[in-house]
Amino acid sequence: MARNTLNEKFSGATRYVLDDELAGIVNVSMALEMPLLLKGEPGTGKTMLSHAIAESLAMTLIVLNVKSSMKLVDALYQYDTLTRLNDSRFGDSSRDVSNIEDYIKMGKIGQAFASEKRTVLLIDEIDKADTDFQDDMLDVLDQMEFDIIEIDKTVRAKRRPVIIITSNAKKDLSDPFLGRCSFHHIAFPDPKMMRKIIAVHFPDIDSNLMENAVSTLYRLREIDNIEKKPATRELLNWIRALKSDPDFKPKTLAKGNIPYLGVLFKKSQDYKRAVEATSSSRIF
Amino acid sequence: MLKFIFVSWWRIYFSIKSTKFITKKLKLYLNEQMFIDFFYSLKNAGIPVSPTSFLTLQKALDMRLINSLGEFYTSARAILVKSERYFDVYDQIFAYRFEGVEMPEYEGIEIDDISMAMLEEWLKDPQALAHALDIDETELNQLTPDELIEYFKARLRDQRGRHYGGATWIGTGGTSPVGHSGHHPGGMRVGGVSRNKSAVKVALERRYKDYSQKGPLTHELISEALKRLRNMIPVGPEDKVDIDKTIYQTMKNCGEIEIVFSRSLKDRLKVILAIDNGGWSMDPYIPVVQTLFDYARDQFKDLKTCFFHNTVYDVLWEDPERSNKPLSVENFATFDPQTRLIVVGDASMAPYELMAADGSIYVKERSGKPSIGQLKFLAQIFPHCAWLNPVSSQMWDYTPTINTISQIFPMFELSLDGLEEAVRHLMAQ
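Helices and strands together make up the secondary structure of chain A, namely 13 helices and nine strands. Carbon together with sulfur atoms contributes 48% to the accessible area of chain A, which is approximately 14300 Å² in total.

Moving on, we get to the packing of aromatic side chains. Residue and element names in this part refer to chain A. Within this structure, the stated rule accounts for 13 aromatic pairs over all chains. Ring geometry for Phe113 and Phe146: centres 5.8 Å apart, planes at 35°, overall tilted. Pair noted here: Phe113 is in helix H5 (residues 108-114) and Phe146 is in strand S6 (residues 145-148), with a separation of 33 residues, a long-range link. Note on accessibility: Phe113 and Phe146 belong to one class, buried. Geometrically, the ring pair formed by Phe188 and Tyr218 is edge-to-face, given 5.8 Å between the ring centres and 70° between the ring planes.

Residues and elements named next belong to chain A. Relative to the elements of secondary structure, Thr232 occurs in helix H10 (residues 232-244). With relative accessibility at 7%, the residue Thr232 sits in the buried group. With sequence-adjacent residues up to four places away left out, Thr232 is seen in contact with Gly43, Thr44, Phe188, Pro189, Met194 and Ile197.

Moving on to the packing of helix H1 (residues 20-32) of chain A against helix H5 (residues 69-80) of chain B. A packed helix pair is summarised by two numbers, namely the angle formed by the two axes and the spacing between the axes. Contact geometry for H1(A) and H5(B): axes closest at 9 Å, N-to-C directions at 60°. In terms of orientation, H1(A) lies oblique with respect to H5(B). Crossing geometry of H1(A) relative to H5(B) is assigned as right-handed. Touching Glu21(A), Ile25(A), Val28(A) and Leu32(A) of H1(A) are Tyr73(B), Thr74(B), Ser75(B), Arg77(B), Ala78(B) and Ile79(B), all from H5(B).

Once that is clear, we can look at the sheet that holds strand S1 (residues 36-40) of chain A. Residue and element names in this part refer to chain A. As summarised here, the arrangement of the five strands in space is S2-S5-S8-S1-S9, forming an open sheet in which the pairing is parallel. Taken across any chain shown, the strands that pair with only one partner, and hence form the sheet edges, are strand S2 (60-65) and strand S9 (182-186). Pairs of neighbouring strands in the sheet enclose a mean axial angle of 20°, with direction left out of account. Of the pairings in the sheet, the one linking S2 to strand S5 (residues 119-124) comprises six bridges and is parallel in character. Counterpart to Ile62 in the pairing with S5 is Leu121.

The phi angle at Arg64(B) is positive, at roughly 55°, despite the residue not being glycine. The phi angle at Ala347(B) is positive, at roughly 55°, despite the residue not being glycine.

With that out of the way, let us pick up the interface of chain A and chain B. The interface is formed by 24 residues belonging to chain A together with 31 residues belonging to chain B. When residues of chain A are sorted by the area they lose upon contact with chain B, Glu21(A), Leu32(A) and Phe183(A) head the list and together hold 26% of the total. Run the count over chain A and chain B and you get one salt bridge. A salt bridge links Arg77(B) to Glu21(A), with the nearest nitrogen and oxygen atoms 3.2 Å apart. In this assembly, chain A and chain B are joined by five residue pairs in polar contact (both at pLDDT 80 or more). When residues of the side of chain A that touches chain B are traced back to their parent elements, those giving at least two are H1, helix H4 (81-90), helix H7 (175-180) and S9 of chain A.

A few words on the nonpolar core. Residues Ile109(A), Ile123(A), Met137(A) and Phe72(B) are the most contacted members of the largest nonpolar core, which totals 63 residues. One finds Leu269(B), Ala379(B), Trp396(B) and Phe409(B) within the second-largest nonpolar core, a separate group that totals 52 residues.

Residues and elements named next belong to chain A. Within the secondary structure layout, Ser29 lies in helix H1. Within the local environment of Ser29, its side chain forms a polar contact with the backbone oxygen of Ile25, the two atoms lying 2.7 Å apart. In contact with Ser29, other than residues within four places in its own chain, are Met34, Leu36 and Ser182.

Parameters and conventions
- Residues numbered from 1 in each chain as written.
- Chains lettered and ligands numbered in written order.
- Predicted model: local features only at pLDDT ≥ 70, side-chain atom pairs only at ≥ 80, totals over all residues.
- Heavy atoms only, no water.
- Helix = DSSP H or I, 4+ residues; strand = E, 2+ residues; numbered from the N terminus.
- Areas by Shrake-Rupley, 256 points an atom, 1.4 Å probe, with all protein chains shown as cover.
- Phe/Tyr/Trp six-rings, centres within 6.5 Å; stacked < 30°, edge-to-face > 60°.
- Buried < 20%, exposed > 50% of the residue type's maximum accessible area, 1.4 Å probe, protein only.
- Contact = heavy atoms within 4.5 Å.
- Axes fitted to C-alpha atoms, helices over the stretch in contact; angles between N-to-C directions.
- Parallel < 35°, antiparallel > 145°, perpendicular 65-115°, else oblique.
- Left-handed = near helix turned anticlockwise from the far one by under 90°.
- Pairing = 2+ DSSP bridges.
- Buried area = accessible area lost by both parts, 1.4 Å probe.
- Salt bridge = Lys/Arg side-chain N within 4 Å of Asp/Glu carboxyl O.
- Polar contact = N/O pair within 3.5 Å; in protein donor to acceptor, adjacent residues only side chain to side chain.
- Core = buried A, V, L, I, M, F, W, Y, C linked by side-chain atoms within 4.5 Å.

As structure tokens, this is what we get:
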């Protein structure tokens, strides 16, 4: 793995196969100090990318998992009133009750800002939150600072973090949001890329198994009316399952006999359809 | 003959990749004018590119982040294009601007737009258009709007073949031979070729959507509009610290801490959704009503859905087939009056179905109460009620029953704007 921490250029990590296109986009976004918005089918490695960037650039990864009920302030900081109340009554802690700052805890974005070293900030599944959250958050990321109202203090980012935002939504995010991000859509990998990905995760894999597994996956993705098609993540888990089964032989896949379908299809409707589709092909 | 060149993605990609440009040469390629042209061709092709993002791209070039055409391709895309839907168009324009590939014509988009405009003209003044196209009006009369659009498209393609660049052959901006007649506001609708009435309605509905640039009402749009439709009340275990009360109680106890817990606020809005799912008149609206229904099922914890055909008589049905689970209208009096009643229907029917005591088109429903009475009864029980009508509000005046019903139920168009208004009305105290 080529790694160049001096120029902080991203070129891939041990468990992540990066295509040139995406590498270029990551580097440009980092240089322009813009958050990178990643979209793409679930299971194609959106989240894994930030892990890979953090690993490759030897930075700490801070993950903000967005929840639907989340308010922006939760991501920035928390004011622990109860502890303060308790301390003010019993006064047996090392904290200074009159200093509110002792009771401010940083949220994920706050941590990324406060860190002395440059960090990778992953904001995962931004689409879960409502639009207000998204727009407000972008203001914070744009200004690289936020106010803590309770102590009337502004927190400024010491080192601008590398920001990766992922979204699963089919809908587009708001225009001002998009305007401030650079964008990439991770396409589903082609078979060639897929083989590379498998090789990275299973360096000792039998080529026969790899061939059969890959062709089976692409065949299964062709089944109609599947809500959640199996993606890279499912394939890797499935291969892990196949490898751990001592009775399994790659040849059976070619015959259309597919074990552990439940690893690939996780919705009961999809599973039923996949079973139907594969069992009917076995007759012929 | 059509001269469309469909350059597939990989072809461009490899043609770019195979050519390694050095920076100097790249600069030569990317002189300012070319850059600006590139920006405007993206904009003209309908990709929403903003000047800010264009400046960002310039900045990236100034910072010498981009050193080859390949890098320019990916970086410009990441910075300028913000949705994968436009990636294909971007590829084509890029290939045209930087590789000299012939400019693709946006056949799909353009012909769709123009044929839509033609349909519009046709609905306003069939004679003029028939004349302009040199076709028999009666022949076109027998076509459904969909067939009409197909027909227009075929005509357009034909026309283009003969005059290159003939895209302005029929325009929307008033330069076309057909033109915007303007003095036939709904001529057809009033005069009424009765056979075509339903079809015209469908077509106009679509045209309106097209016109407003809003596209179909998607799940997301509906959820955005209905988000405010909530009734937050405290439920669940008392596990949330109420800071204000805690401080108050603690002070009252002379500093002896007393923590006050309260329930968290949750949405407990009761909603009854009554959907007209009968008959052909609602058929064109099935997708939009379906979307609304799906959203309601996800969103509202306490939702009762019932169905009816055209209007409400003695019963509403809990099953979509309207045969097994009747729900007597009188029963509704026992429900919580704070329940929000939302009726979805086109409210279009023959007047006697609404007014006459035996108006129902089903023989079994003969209680002697006219439907209008039942509707008034419902509106009285539930002060917070609304009628969502998928028919475009511009058309309401032409159907008497819509008028009558909108006097009983506050009626809103089943569009984004209409939904917002309806929500405002439903949440008003």
